[in-house]
Amino acid sequence: MSGGALKRLLDCERRLWLSEHAHGHAAGRSEHDDMLGDRSRSLEDQSAHAIGTVIEPVLRHGVSFEEAAAETLRLLRETREPLRRPVLLSADGKLSASPGFILWEGDALVLRDVRLAHRPDKRRDNRIRLAFAGWLVRQLTGLEVARLEIVTGLGTTVTFEPESDEVLAALAARALELMGDSPEPDILMGHSHCQHCGHYSHCWDRAEADRRVEVLPAVTQRRAELLREEGIVSFDALAKLAPEDLKHKDLRNGAAAMLPEARAWSSNAAYFLKPPGLPVGRVPVWFDVESDSDGERAGVPVYLWGLAVESRAVAEAPDSNNRTPERAVSARVTHEESTRAAAAAEAATRPPFEPILAELDAAGDRDAWQRFCARIIEVFRENPNAVLVHWHSAEPMWIERYIGRLGAPDEFVKLVRTPGSMFDLHGALEKCVRLPLRSTSVKYVAPWLGFAWSNPNADAAWSTAQLHRAYACKDPAERAELLAEVARYNADDLWAMRVVWRWLEAQVPI
């Protein structure tokens, strides 16, 4: 049982069980995983260089785990040299840990790990893994541990207090139990927690096929427990209820969120709460950025500003000022009615895509930002009623960050800060309708409406991986092709938003 097993335990007991008993079903590593691995090794290399003289990885190619463990103990007994990638293995061979470094401070040890996160000490699994290594090294050597440290992705070093030996022993025992003959835990965490797990399909496809109530976004683990106590285990059963049918106060308080979702899932149809609040009479400017997962620490934080200017204003929507309350305006629109044909027809009317790509250096970053500012000013001069349509909060956030980083023309700043100049389509969708989907990410909503990305494997993590491949590429033609692939992906994001927008226009409830 390793520190990695403890991480999986703290993340989800079912994940640990599956990693041990059904690892063949797990998804493979992605390009993004490989990129993060490269960056983590680079950060560890930098940390080793900062230490100075260090015994290079004890665990290395050609050395078995057991041999590395024996070598680690020998070095700790015979030298005071800093160790990189030491191996700690309990006497019974059941427990192991491999922290990034073991250093000396007087007669005590300092254990140090590296993590790409900016604040890794805020995550309990990071603290537990290093504290577990400290607990193990004390048992093996009898030496005291003076300090536990993590080098962050920002290059800073943070320290923290370990949890008690009793807590660490209990976690280790539970991990060993799950890795043994324990049955598979019947756990379904929230979708945002699960979606990047290698066992995501195993858990969620089964839960959806079983029509379990936990697939509803509004059903937290606590609410799922309360619903089970009231005999409600499926979203079909929940969909038939009214708020007053729920006995527990917490469930009645959550009914406004849970019941519309249950009705959408039970009918496999959109369930409208109120008319879509699209900005009437405005010219949509589809807007999406591709940004480095390193954020503002990156040399070029936003490497693509994607735009497409619609050729028409939003159609006038029926007046909704005198509509009756929720139940009267709610509607169910079937998946089939909602239209794969409409998605296909939409493709024929797409406006020109305008990707503003940055050269991958500081000068290119500034140039792309200035071109973006100039184009936005031009668009609003030509269309005073234009509106920048984006999905969620990243785009306005990056505009504000770049205004702070590189400045911007006064006209641009006034335009983007004018109330109503930007429109969050995701927010509008969330306010008006519930869908039978695990997530309201555009990557779920648009395909439900018939849209498909030209590269089915592309997502934000894939885009960042292409960027880092481009950084490392020596061949200008190959680099250009990598960035062109990112641009095609960005264009698809714009068209996905457009499909959702046009569907909402057409689905004003009667």
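Residues numbered from 1 in each chain as written. Predicted model: local features only at pLDDT ≥ 70, side-chain atom pairs only at ≥ 80, totals over all residues. Heavy atoms only, no water.

A. Quick peek at the environment of valine 300. Checked against the element boundaries, valine 300 lands in the loop between strand E9 (283-291) and strand E10 (302-309). By relative accessible area, which is 0% here, valine 300 ends up buried. Residues valine 300 and arginine 138, 162 residues apart in the sequence, show an inter-C-alpha distance of 44 Å. (Helix = DSSP H or I, 4+ residues; strand = E, 2+ residues; numbered from the N terminus. Buried < 20%, exposed > 50% of the residue type's maximum accessible area, 1.4 Å probe, protein only.)

B. Quick peek at the state of the cysteines. Scanning the model with the defined rule gives zero disulfides in all. Residue cysteine 12 stays outside any disulfide, its sulfur separated by 6.2 Å from that of cysteine 194, the closest cysteine. Classification of cysteine 12 as buried rests on a relative accessible area of 12%. (Disulfide = S-S within 2.5 Å.)

C. Spatial organisation of helix H17 (residues 410-417). For H17, the full list of buried residues reads Phe412, Val413, Leu415 and Val416. The arc that holds the buried residues of H17, viewed along the axis, is 165°, so those residues lie on one side. In H17, the exposed residues that point more than 90 degrees away from the buried face are Asp410 and Lys414. In this structure, the buried residues of H17 make contact with helix H15 (362-382), strand E13 (386-390), helix H16 (394-406) and strand E14 (422-424). (Arc of directions from axis to C-beta. Contact = heavy atoms within 4.5 Å.)

D. Here's a closer look at the side chain of glutamate 149. Positionally, glutamate 149 belongs in strand E6 (residues 145-151). Glutamate 149 sits in the buried class, given a relative accessible area of 5%. One polar contact links glutamate 149 to arginine 147, side chain to side chain, over a distance of 2.6 Å. Ignoring sequence-local partners within four residues, the contact set of glutamate 149 consists of Val110, Leu111, Arg112, Asp113, Leu130, Thr157, Val158 and Thr159. (Polar contact = N/O pair within 3.5 Å; in protein donor to acceptor, adjacent residues only side chain to side chain.)

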